[in-house]
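Understanding the architecture of this molecule
Each chain, written out:
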Amino acid sequence: MHTFQPYPAEVFEIDPFTKIGNEWAALSATDGKNVNAMTISWGGLGVMWGKNVFTAYVRESRFTKTYLDQSDVFSVTFFEDKYKGALKYLGAVSGKDEDKIKNARLTANHHKGVPFIDEGNLVFICRKLSATPIKPEDFAVKAIDSRWYADKDYHTMYIGEIMEILAR
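None of these values were measured; they are calculated from a predicted model. (Residues numbered from 1 in each chain as written. Predicted model: local features only at pLDDT ≥ 70, side-chain atom pairs only at ≥ 80, totals over all residues. Heavy atoms only, no water.)

1. Side note on the overall build of the protein
Across its full length, the protein holds 5 helices and 10 strands. Against the compact-globule benchmark of 15 Å for 168 residues, the protein has a radius of gyration of 15 Å, which places it among compact chains. C-alpha extents for the protein along the principal axes are approximately 45 × 40 × 30 Å. Long-range contacts, defined here as pairs at least 24 residues apart, represent 73% of the contacts in the protein between residues at least 6 apart. With an accessible surface of roughly 9000 Å², the protein has 51% of that area assigned to carbon and sulfur atoms. Each charge class in the protein can be summarised by its mean position, and for the 21 positive and 22 negative side chains these summaries are 3 Å apart. (Helix = DSSP H or I, 4+ residues; strand = E, 2+ residues; numbered from the N terminus. Rg over C-alpha atoms; globule rule 2.2 N^0.38 Å. Contact = heavy atoms within 4.5 Å. Areas by Shrake-Rupley, 256 points an atom, 1.4 Å probe, with all protein chains shown as cover. Lys, Arg positive; Asp, Glu negative; His and termini not counted. Charge placed at Lys NZ, Arg CZ, Asp CG, Glu CD.)

2. Some remarks on the side chain of D118
Here D118 is to be found in the loop between β8 (114-117) and β9 (122-133). The side chain of D118 sits in the buried core without any salt bridge; R168 is the nearest counter-charge, 6.2 Å away. Engagement of the side chain of D118 in a polar contact is seen with the side chain of N109, the distance being 2.7 Å. When near neighbours in sequence (up to four residues on either side) are disregarded, D118 contacts M1, H2, F4, T107, N109 and R168. (Buried < 20%, exposed > 50% of the residue type's maximum accessible area, 1.4 Å probe, protein only. Salt bridge = Lys/Arg side-chain N within 4 Å of Asp/Glu carboxyl O. Polar contact = N/O pair within 3.5 Å; in protein donor to acceptor, adjacent residues only side chain to side chain.)

3. Things to note about helix α3 (residues 84-92)
Of all the residues in α3, the buried ones are A86, L87 and L90. Down the axis of α3, the buried set is contained in an arc of 100°. They therefore lie on one face. Opposite its buried face, α3 presents the exposed residues K88 and A92, each directed more than 90 degrees away. (Arc of directions from axis to C-beta.)

4. Regarding unusual backbone geometry
Positive phi, close to 65°, is recorded for R105, a residue that is not glycine. Tracing the backbone shows R105 in the loop between α4 (100-103) and β7 (108-111). If you check the backbone angles, K112 has positive phi at about 50° while not being a glycine.

5. With respect to empty space enclosed by the protein
The full count for this structure, using the stated rule, is 1 cavity of 30 Å³ or more. Lining the largest cavity we find E23, F79, E80, D81, Y83, K84 and L87. Residue composition of the lining of the largest cavity, by class: 3 nonpolar, no polar and 4 charged. (1 Å grid on protein atoms, 1.4 Å probe; cavity = no way out; pocket = protein on both sides within 12 Å on 5 of 7 lines; lining within 4 Å. Points joined across faces, edges and corners; volume = space filled by probe spheres on them. Nonpolar A, V, L, I, M, F, W, Y, C, P; charged D, E, K, R; others polar.)

6. A closer look at the side chain of K65
Secondary-structure assignment places K65 in helix α2 (residues 63-70). Overall, the relative accessible area of 8% leaves K65 in the buried class. A polar side-chain atom of K65 sits 2.7 Å from a polar atom in the side chain of D69. At 3.3 Å, the side chain of K65 and the side chain of Y158 are in polar contact. If we ignore the near neighbours within four places in the chain, the residues touching K65 are V58, R59, E60, T156 and Y158.

7. With respect to the packing of aromatic side chains
For the coordinates displayed, the defined rule picks out 10 aromatic pairs. Measuring from centroid to centroid gives 4.7 Å for Y149 and Y154, while their planes differ by 25°, and the two rings are stacked. Here Y154 falls in the buried class, since its relative accessible area comes to 11%. Linked through ring pairs, Y7, F12, F54, F78 and F124 together constitute an aromatic cluster. The positively charged end of K84 is found above the aromatic ring belonging to W24, 3.7 Å away from the centroid. For R147, the ring lying beneath its charged end belongs to W148, and the centroid distance is 4.1 Å. (Phe/Tyr/Trp six-rings, centres within 6.5 Å; stacked < 30°, edge-to-face > 60°. Lys NZ or Arg CZ within 6 Å of the ring centre and 35° of its normal.)

Laid out in structure tokens, this is it:
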């Protein structure tokens, strides 16, 4: 296992558009016994309700969503470029059918009971504050529904308070 150190939020600086949208990340959650993870390339960083937050969007069909819904915590792990193949695997395979973390040649680790992927180099440890389903009737731009949700597999928006930032 790698050694991670706390990284103070007040000195934390990244380009979220590149980090989330281009480099991707793994969202990890537990059902209390098992850990599952999925690749995310949609998300956001900001302040909500006076707290530093990460916002993640998870489709209804994703197996990781069942873990996320059962848990009060989750993590978001970022990686070096050499792990892009592993992230593609995490995004393409269901953890319902296999131990996809192991099969992606990654390792689940824990920080204060919150699972994350050990091979990452930056981790947000989050406490779930909100889970809000995205509904087609809420779209101000109606073309979003046909463009992104032709299969009607909508996202739930999870807002998580960033309790700790870890780096190695």
